[in-house]
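Architecture at a glance
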Amino acid sequence: DTAVSQTPKYLVTQMGNDKSIKCEQNLGHDTMYWYKQDSKKFLKIMFSYNNKELIINETVPNRFSPKSPDKAHLNLHINSLELGDSAVYFCASSPPRGETQYFGPGTRLLVL
Amino acid sequence: GQSLEQPSEVTAVEGAIVQINCTYQTSGFYGLSWYQQHDGGAPTFLSYNGLDGLEETGRFSSFLSRSDSYGYLLLQELQMKDSASYFCAVLSGGYNKLIFGAGTRLAVHP
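In short, a report on the structure. Quick caveat: nothing in here was measured; it's all calculated off a predicted structure.

Parameters and conventions
- Residues numbered from 1 in each chain as written.
- Chains lettered and ligands numbered in written order.
- Predicted model: local features only at pLDDT ≥ 70, side-chain atom pairs only at ≥ 80, totals over all residues.
- Heavy atoms only, no water.
- Patch = residues over 30% accessible without salt bridge, like charges linked within 9 Å, V, L, I, M, F, W, Y side chains within 5 Å.
- Areas by Shrake-Rupley, 256 points an atom, 1.4 Å probe, with all protein chains shown as cover.
- Salt bridge = Lys/Arg side-chain N within 4 Å of Asp/Glu carboxyl O.
- Helix = DSSP H or I, 4+ residues; strand = E, 2+ residues; numbered from the N terminus.
- Buried < 20%, exposed > 50% of the residue type's maximum accessible area, 1.4 Å probe, protein only.
- Disulfide = S-S within 2.5 Å.
- Phe/Tyr/Trp six-rings, centres within 6.5 Å; stacked < 30°, edge-to-face > 60°.
- Pairing = 2+ DSSP bridges.
- Polar contact = N/O pair within 3.5 Å; in protein donor to acceptor, adjacent residues only side chain to side chain.
- Contact = heavy atoms within 4.5 Å.

Re a nonpolar patch on the surface
Residues and elements named next belong to chain A. Residues Val12, Leu110 and Leu112 make up a contiguous nonpolar surface patch of about 270 Å² in total accessible area. Topologically, Leu112 is positioned in the segment after β11 (107-111). Judged by its relative accessible area of 47%, Leu112 falls in the partly exposed class.

Here we look at unusual backbone geometry
Glycine aside, negative phi is the norm for most residues, and most peptide bonds take the trans geometry. All names here are of chain A. The omega torsion of the bond from Thr7 to Pro8 falls at -5°, within 30 degrees of zero and hence cis. Its identity is not glycine, yet Lys41 carries a phi of approximately 70°, on the positive side. Position of Lys41 relative to the elements: it lies in the loop between β4 (31-37) and β5 (43-50). Positioned with a positive phi, Lys52 is a non-glycine residue whose angle comes to about 75°. Along the chain, the position of Lys52 falls in the loop between β5 and β6 (53-57).

Focus: the state of the cysteines
Taken as a whole and judged by the stated rule, the model has two disulfides over all chains. In this model Cys23 of chain A forms its disulfide with Cys91 of chain A; the gap between the sulfur atoms is 1.8 Å. Looking along the S-S bond of the Cys23 of chain A-Cys91 of chain A disulfide, the torsion reads about -75°, which is the left-handed sense. Placement of Cys23 of chain A in strand β3 (residues 19-25) and of Cys91 of chain A in strand β9 (residues 87-94) is noted, with a sequence separation of 68 residues between them. Given the relative accessible area of 0%, Cys91 of chain A is considered buried. Shown here is the disulfide that connects Cys22 of chain B with Cys88 of chain B, its sulfur atoms set 2.1 Å apart. Residues Cys22 of chain B and Cys88 of chain B are joined by a disulfide whose S-S torsion is about 75°; by sign, that bridge is right-handed. Of the two residues, Cys22 of chain B sits in strand β3 (residues 18-25) while Cys88 of chain B sits in strand β9 (residues 84-92), which places them 66 residues apart along the sequence. In terms of burial, Cys22 of chain B and Cys88 of chain B fall into one category: buried.

Looking at the packing of aromatic side chains
All chains considered together, the criterion is met by 14 aromatic pairs over all chains. Residues Tyr33 of chain A and Tyr35 of chain A carry aromatic rings whose centres are separated by 6.1 Å and whose planes lie at 35° to one another, so their mutual orientation is tilted. Here Tyr35 of chain A falls in the buried class, since its relative accessible area comes to 0%. Judged by centre distance (5.5 Å) and plane angle (55°), the rings of Tyr35 of chain B and Phe100 of chain B are tilted. Here the residue Tyr35 of chain B occupies a position in strand β4 (residues 31-37), and Phe100 of chain B occupies one in strand β10 (residues 97-100), the gap between them amounting to 65 residues. By relative accessible area, Tyr35 of chain B is classed as buried at 0%. Among the aromatic residues, those joined into a cluster by ring pairs are Tyr33, Tyr35, Phe90 and Phe103 of chain A together with Tyr35, Phe45, Phe87 and Phe100 of chain B.

With respect to the pairing of β11 of chain A
All names here are of chain A. Where burial is concerned, most of β11 is hidden: four out of the five residues are buried. Sheet topology note: the strand β2 (residues 10-13)/β11 ladder contains four bridges and is parallel. Bridge assignment links Val12 to a residue of β11, and that residue is Leu110. Note that β9 and β11 share three bridges and pair antiparallel. Bridge pairing in β11 links Tyr89 to Thr107.

Overview of the side chain of Glu99 of chain A
Within the element layout of this structure, Glu99 of chain A appears in the loop between β9 and β10 (102-103). A residue is classified by how much of its surface remains accessible, and Glu99 of chain A, at 11% relative accessible area, is buried. Polar contacts involving the side chain of Glu99 of chain A include one to the side chain of Arg97 of chain A, which spans 2.9 Å. Once residues within four sequence positions are removed from consideration, Glu99 of chain A is found in contact with Ser33, Tyr35, Phe45, Tyr48, Leu91 and Leu98 of chain B.

Spelled out as structure tokens, the structure:
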């Protein structure tokens, strides 16, 4: 029944490591997103895909690489993790217009 | 640049009414959304205004004035479970881009 799911829920890792976060939605939406929420709860869009095509690519270090194998999945790979990458990463999906976005439960990333 | 302003904190008592204001300055504006986020949880959609005026959804209402670049979320008959952060977000430009405000933390007291 879960609409938007993410794995893992928690991720604790060392600086310099590479990690991936996976996201899946069963809402039939064509558009998916990655957001970063920092410790002050500021929520900022990172990427958006529409039907497997990258359509929003904000100013994000190129250590972050999204991949959409199909329109129900959007993964985020992060290379050479840094302390400043510690945050909660949310995946979301939406119908075409985007004003109503459905968020996953978040992945809490802590880089030590 | 693009900016959204909303109060950082609001406190109210159970049963009261509270209004959370949001002013925005963005390039390309399609509408204003509101999201609720409980501590440790995910943002959940509350309301959207694409046109000027009031939208009502149960105890929650949202208002938009495009000419004033201003909107608000009105929460009535406050309950303890309404204690959460509330974010206004502008649907800006093309491609479904939501730009979020910094959030307003609402504390509801007995």
